Amino acid sequence: MKPILIRNADVFAPEPLGRQHLLLAGGRIIWMGSTDLELPPVLDVDTLDLGGRRLIPGLIDGHVHVTGGGGEAGFASRVPAPKLSRYTRAGVTTVVGLLGTDDVSRGPRELVATVNALREEGLNAFAYAGGYHLPPVTLTGAVRSDLVFIDCLLGVGELAISDHRSSQPTLDELLRIASECHVAGLMTGKAGILHLHLGDGPRGLELVRRALDETELPARVFNPTHVNRRKALFAEAIDLARRGCHVDITAFPVEDGEDAWSAEDALMRYLDSGAPPNRVTISSDAGGCLPCFDAEGRVTGMGVGESGALLESLRALLARGVALADVLPAYTRNAADLLRLGGKGRIEAGADADLVVLDEAGHACDVIIGGLLHLRDGQVVRRGMFEHDSG
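Figured I'd write up the structure that's included with this text.

### Looking at the overall build of the chain
For step 1, the next point in the chain: In terms of helices and strands, the chain carries ten helices and 19 strands.
For step 2, the next point in the chain: C-alpha atoms of the chain, sized along the principal axes, occupy 65 × 40 × 40 Å.
For step 3, the next point in the chain: Per-residue burial for the chain yields a buried fraction of 57% across its 391 residues.
For step 4, the next point in the chain: Put simply, of all contacts in the chain between residues at least 6 apart along the chain, 71% involve residues at least 24 apart.
For step 5, the next point in the chain: When the accessible area of the chain is evaluated, it comes to approximately 15,700 Å², of which 50% is carbon and sulfur surface.
For step 6, the next point in the chain: Of note, the chain has its 38 positive side-chain charges centred 2 Å away from the centre of its 52 negative side-chain charges.

### Some points on empty space enclosed by the protein
For step 1, the next point in the chain: Per the stated rule, a full pass over the model turns up three cavities of 30 Å³ or more.
For step 2, the next point in the chain: Its volume calculated, the largest cavity comes out at about 90 Å³.
For step 3, the next point in the chain: Ile60, Gly62, Tyr128, His195, Asn223, Asp248, Thr281, Ile282, Ser283, Ala335, Leu338 and Leu339 are the residues that line the largest cavity.
For step 4, the next point in the chain: Going through the elements one at a time, strand S6 (59-64), strand S13 (280-283) and helix H10 (333-338) are the ones with two or more residues in the lining of the largest cavity.
For step 5, the next point in the chain: Ranked by residue count, the leading element in the lining of the largest cavity is S13, at three residues.
For step 6, the next point in the chain: The computed volume of the second largest cavity comes to approximately 40 Å³.
For step 7, the next point in the chain: Forming the boundary of the second largest cavity are Pro57, Gly58, Ile60, Thr93, Thr94, Gly343, Lys344, Gly345, Arg346, Asp352 and Asp354.

### With respect to the packing of helix H6 (residues 231-242) against helix H7 (residues 263-272)
For any two helices packed against each other, the geometry comes down to the angle between their axes and how far apart the axes lie.
For step 1, the next point in the chain: Two elements in contact, H6 and H7, have axes whose closest approach is 11 Å; the angle formed by their N-to-C orientations is 40 degrees. When the axis of H6 is compared with that of H7, the two are oblique. Read as a crossing pair, H6 and H7 show a hand that is right-handed. Contacts between H6 and H7 involve Phe234, Ile238 and Ala241 from the first element and Ala266, Arg269 and Tyr270 from the second.

### Considerations on the environment of threonine 114
For step 1, the next point in the chain: One can find threonine 114 in helix H2 (residues 108-120).
For step 2, the next point in the chain: On a C-alpha basis, the gap between threonine 114 and phenylalanine 149 in space is 18 Å, while along the polypeptide they are 35 residues apart.
For step 3, the next point in the chain: Among all residues touching threonine 114, those that are not within four sequence positions of it are Val66 and Thr67.
For step 4, the next point in the chain: At 2.8 Å, the side chain of threonine 114 and the backbone oxygen of glutamate 110 are in polar contact.

### Some remarks on the layout of surface pockets
For step 1, the next point in the chain: Each pocket or cavity is described by its volume, and for the second largest pocket that value is around 290 Å³.
For step 2, the next point in the chain: Lining the second largest pocket are 14 residues, and of these Lys83, Ala117, Leu118, Glu121 and Phe386 lie nearest its centre.
For step 3, the next point in the chain: No other element matches the four residues that H2 contributes to the lining of the second largest pocket.
For step 4, the next point in the chain: Residues that form the lining of the second largest pocket fall into these classes: eight nonpolar, two polar and four charged.

### A few points about the pairing of S13
For step 1, the next point in the chain: Burial of S13 is two-sided: the residues Val280 and Ile282 facing one way and the residues Thr281 and Ser283 facing the other way are all buried.
For step 2, the next point in the chain: Handedness of the β-α-β unit built from strand S12 (residues 247-250), H7 and S13 comes out right-handed.

### Examining the environment of tryptophan 261
For step 1, the next point in the chain: Structurally, tryptophan 261 is set in the loop between S12 and H7.
For step 2, the next point in the chain: Its relative accessible area of 16% is what places tryptophan 261 among the buried residues.
For step 3, the next point in the chain: As for tryptophan 261 and asparagine 228, which are separated by 33 residues in sequence, their C-alpha atoms are 5.3 Å apart.
For step 4, the next point in the chain: Each residue touching tryptophan 261, except ones within four places of it in the same chain, is listed here: Asn228, Lys231, Phe234, Phe252, Val254, Ala266 and Arg269.

### Re the side chain of threonine 94
For step 1, the next point in the chain: Relative to the helices and strands, threonine 94 resides in strand S7 (residues 92-97).
For step 2, the next point in the chain: Since its relative accessible area comes to 1%, threonine 94 is described here as buried.
For step 3, the next point in the chain: A polar side-chain atom of threonine 94 sits 3.4 Å from a polar atom in the side chain of asparagine 124.
For step 4, the next point in the chain: Residue contacts for threonine 94: discarding those within four places in its chain leaves Leu59, Ile60, Asp61, Asn124, Phe126, Leu341, Lys344 and Asp354.

### Quick look at the pattern of salt bridges
For step 1, the next point in the chain: All told, the structure shown has 21 salt bridges when counted by the stated rule.
For step 2, the next point in the chain: Measuring nitrogen to oxygen at the nearest pair gives 2.4 Å for the salt bridge that ties arginine 86 to glutamate 306. Of the two residues, arginine 86 sits in helix H1 (residues 84-88) while glutamate 306 sits in the loop between strand S15 (299-304) and helix H8 (308-319), which places them 220 residues apart along the sequence.
For step 3, the next point in the chain: With a relative accessible area of 37%, arginine 86 lands in the partly exposed category.
For step 4, the next point in the chain: The partner of aspartate 354 in a salt bridge is lysine 344, and the shortest N-O contact between them spans 2.9 Å. In this pair, aspartate 354 is assigned in the loop between H10 and strand S16 (355-358) and lysine 344 in the loop between H10 and S16, connecting sequence segments ten residues apart. There is no split in this pair, since aspartate 354 and lysine 344 are both buried.

Conventions used here
Residues numbered from 1 in each chain as written. Predicted model: local features only at pLDDT ≥ 70, side-chain atom pairs only at ≥ 80, totals over all residues. Heavy atoms only, no water. Helix = DSSP H or I, 4+ residues; strand = E, 2+ residues; numbered from the N terminus. Buried < 20%, exposed > 50% of the residue type's maximum accessible area, 1.4 Å probe, protein only. Contact = heavy atoms within 4.5 Å. Areas by Shrake-Rupley, 256 points an atom, 1.4 Å probe, with all protein chains shown as cover. Lys, Arg positive; Asp, Glu negative; His and termini not counted. Charge placed at Lys NZ, Arg CZ, Asp CG, Glu CD. 1 Å grid on protein atoms, 1.4 Å probe; cavity = no way out; pocket = protein on both sides within 12 Å on 5 of 7 lines; lining within 4 Å. Points joined across faces, edges and corners; volume = space filled by probe spheres on them. Axes fitted to C-alpha atoms, helices over the stretch in contact; angles between N-to-C directions. Parallel < 35°, antiparallel > 145°, perpendicular 65-115°, else oblique. Left-handed = near helix turned anticlockwise from the far one by under 90°. Polar contact = N/O pair within 3.5 Å; in protein donor to acceptor, adjacent residues only side chain to side chain. Nonpolar A, V, L, I, M, F, W, Y, C, P; charged D, E, K, R; others polar. Right-handed = clockwise from strand over helix to strand, strands pointing away. Salt bridge = Lys/Arg side-chain N within 4 Å of Asp/Glu carboxyl O.

Right under this line is the structure:
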């Protein structure tokens, strides 16, 4: 791994730092300063002169179906697993994988194996234990021991509530899983969170409110996602964020007149609400299906989530004239702090060398993960083992 000297970067760390120069070595940022660094010619260093382009922390996609999602419309509807460059071309340097509706034909063994494969290919990859349903699918026979003994598992998710596809968990069942997450987090220093899929059901976040009202569990344990899928649900999520929960917005397509907020609308409404700005994140649901159902619960249409939706929503925000530094934490530092991923989501000396260079239009033109180039001038330079050059 050769050191990389980055010159003339307009750094957003995610706060704006202006023109900076950085030296990357050993997978980390070992130096950053506003005065250019002169290195002796004997050192074998790659140099990237960004010419004033924006440099941001690598995006953290905290909700990804790394094994592929789907399955609601038969075996043929199982979504294929995304390949490495589908993430890196989108500026994503860290993913958290999970199981969704189908946690039967796709299980924890495949999930952990896929996460380890992505790690071998150079991506930062983690996962959640369990899936949509109760009892949770596990590797060791219990959620708590899964989290304690399996390195890549950070919590439990995406456990479904307020959804016709869920196990219809009771409050006691929800609390039992949440307590296992919390205690495992205490034992290991991991995030120990319960990542909750929210459906369209009218109960919304009622179970989480009751958990906060009736138990001693910390609010940060409960991490609802898809909270922008209904406008009333989003209002509930903002109230929970004020009580200490971290809420996750999904960057899925929203049609005009739909009872939902786009990711960019939701983030701006959240920030304008005065809720704590560090308690909101944005994820893509990449690799997962985005189904539409009729009144009897049958699939009538289906899309597929893409990690590229993160940068797409960020570009939409910038096109509105929103300052990059105001919204970038939701894509970077907030997720790193929630997931307790030290060194990620920020640009500073000692942090992990997970970096993205944005071109003038806001697309990822250079991507560095752990000090290694994955994307250079918009071209993929590191691919997964079974990716073709045209992939």
